[in-house]
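# Topology and contacts: notes
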Amino acid sequence: MDFNVKKLASDAGVFFSRAMQFTEEKLGQAEKTELDAHFENLLARADSTKNWTEKILRQTEVLLQPNPSARVEEFLYEKLDRKVPSRVTNGELLAQYMTEAANDFGPGTPYGKTLIKVGETQRRLGAAERDFIHSASINFLTPLRNFLEGDWRTISKERRILQNRRLDLDACKARLKKAKAAEAKAALWSDEVEKAEHELRLTQTEFDRQAEVTRLLLEGISSTHVNHLRCLHEFVESQTNYYAQCYQYMLDLQKQLGRFSGTFVGNAESTSPPPAAASPPAVAAAALPSVPTIPVVPTIVGVPNTVAESVLNPNEVKPPASGTRKARVLYDYEAADSTELALLADEMITVYSLPGMDPDWLIGERGNQKGKVPVTYLELLS
């Protein structure tokens, strides 16, 4: 019992001494032992590594899981040391809805068949996203967390110990200085000086030993950078594979939808324009079902398959003797190059087709201006 009381009293005395030293330093009333420039650089580098690692970790988590509620749930599962439940990706959920809609509308209809095809691709995209998230979590996020929760905590602990050793050292220096000042006034204080010098030697040894331990840990930050560099390469590789998969899936889908181009019908009363692109999708409509189609001049043997190949300058194209039509522009369109004609919503233009021309495009005329125009941006008038 007496031992515990003495230990508590000793700890309280040490704590009070450190608090006094720290307060006097802040007030400029006590001297402070400064670390060398190399040590200070190591400390600054360690702090910078910790701060940026935290930011990169948090933002990568946002990238992989944009839903904040889902991130909180995953965090709680990790803290409780429980397995995070499998979660359906947005692509997989969209695939489910598309498949159910196709079954409702009729899987044999053009719309139903397309929903099934697009839904299957969305399912594959969702599965690829799940694999990417899993790979990035293991190869990138986990090492960053391990540093923050492991190495950095050890460094922080040793830095706190070093700080306490320094406060003890400076407190001993202050006591020795006071003892020497008192000794100058009375020889009876010589014992106090000897005691203070002894305490100073002990605290100096402890401070030097702790400084060496902390320095070695701080120098290990270089190894941390090397490890995080390797993890970063693995993250980029996973992300590259993921986007390559997505690109290939979408190319395959585009080819499949291209085979259905003749079965789709456009809606001229649509209130939202299709996405602008260099070439509209092959599934675009050519005209309303109630409006007669534009007569196409028969293909001539030896003529290239596309207007772009056979016509270098659209302004040199001569309209056919018959088969021209008036069309109202549904949406603004920005020409991709000099062979196309820019359009403004609600304006009237003259359109016609040429031999071997892509059915999704027409030649449009506005005064002296000519160029290719996408059919999906037009309402053909009888």
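Let me begin by describing the structure that accompanies this report. (Residues numbered from 1 in each chain as written. Predicted model: local features only at pLDDT ≥ 70, side-chain atom pairs only at ≥ 80, totals over all residues. Heavy atoms only, no water.)

### Describing the packing of helix 4 (residues 90-105) against helix 5 (residues 110-183)
- Where helix 4 meets helix 5, the axes come as close as 7 Å, and the angle between the chain directions of the two elements is 165°. In terms of orientation, helix 4 lies roughly antiparallel with respect to helix 5. Handedness of the crossing formed by helix 4 with helix 5: left-handed. Within the contact between the two elements, helix 4 uses Gly91, Glu92, Leu94, Ala95, Met98, Ala101, Ala102 and Phe105 and helix 5 uses Tyr111, Gly112, Leu115, Ile116, Val118, Gly119, Gln122, Arg123, Gly126, Ala127 and Arg130.
- Across the contact of helix 4 with helix 5, the residue classes break down as eleven nonpolar, five polar and three charged. (Axes fitted to C-alpha atoms, helices over the stretch in contact; angles between N-to-C directions. Helix = DSSP H or I, 4+ residues; strand = E, 2+ residues; numbered from the N terminus. Parallel < 35°, antiparallel > 145°, perpendicular 65-115°, else oblique. Left-handed = near helix turned anticlockwise from the far one by under 90°. Contact = heavy atoms within 4.5 Å. Nonpolar A, V, L, I, M, F, W, Y, C, P; charged D, E, K, R; others polar.)

### Focus on the nonpolar core
- Ranked by size, the top nonpolar core spans 34 residues in total, and within it Phe39, Phe132, Phe140 and Leu218 carry the most contacts.
- For this core, the secondary structure elements donating two or more residues are helix 2 (37-64), helix 5, helix 6 (190-219) and helix 7 (221-258).
- For this core, the leading source of residues is helix 5, giving 16 residues.
- When residues no more than four places from it in sequence are discounted, the contact partners of Phe132 are Leu64, Phe235, Ser238, Gln239 and Tyr242.
- Core analysis: the next-biggest nonpolar cluster, separate from the first, contains 20 residues, Ile349, Val351, Val373 and Leu380 among them. (Core = buried A, V, L, I, M, F, W, Y, C linked by side-chain atoms within 4.5 Å. Buried < 20%, exposed > 50% of the residue type's maximum accessible area, 1.4 Å probe, protein only.)

### As for the environment of Leu362
- Within the fold, Leu362 resides in strand 3 (residues 361-366).
- Along the sequence, Leu362 and Val351 sit eleven residues apart, while their C-alpha atoms lie 6.2 Å from each other.

### Focus: unusual backbone geometry
- Here the phi dihedral of Asp346 falls at roughly 80°; this positive angle occurs in a residue that is not glycine.
- Relative to the helices and strands, Asp346 resides in the loop between strand 1 (325-329) and strand 2 (348-352).

Bear in mind that shape data such as this cannot, by itself, settle questions of function.
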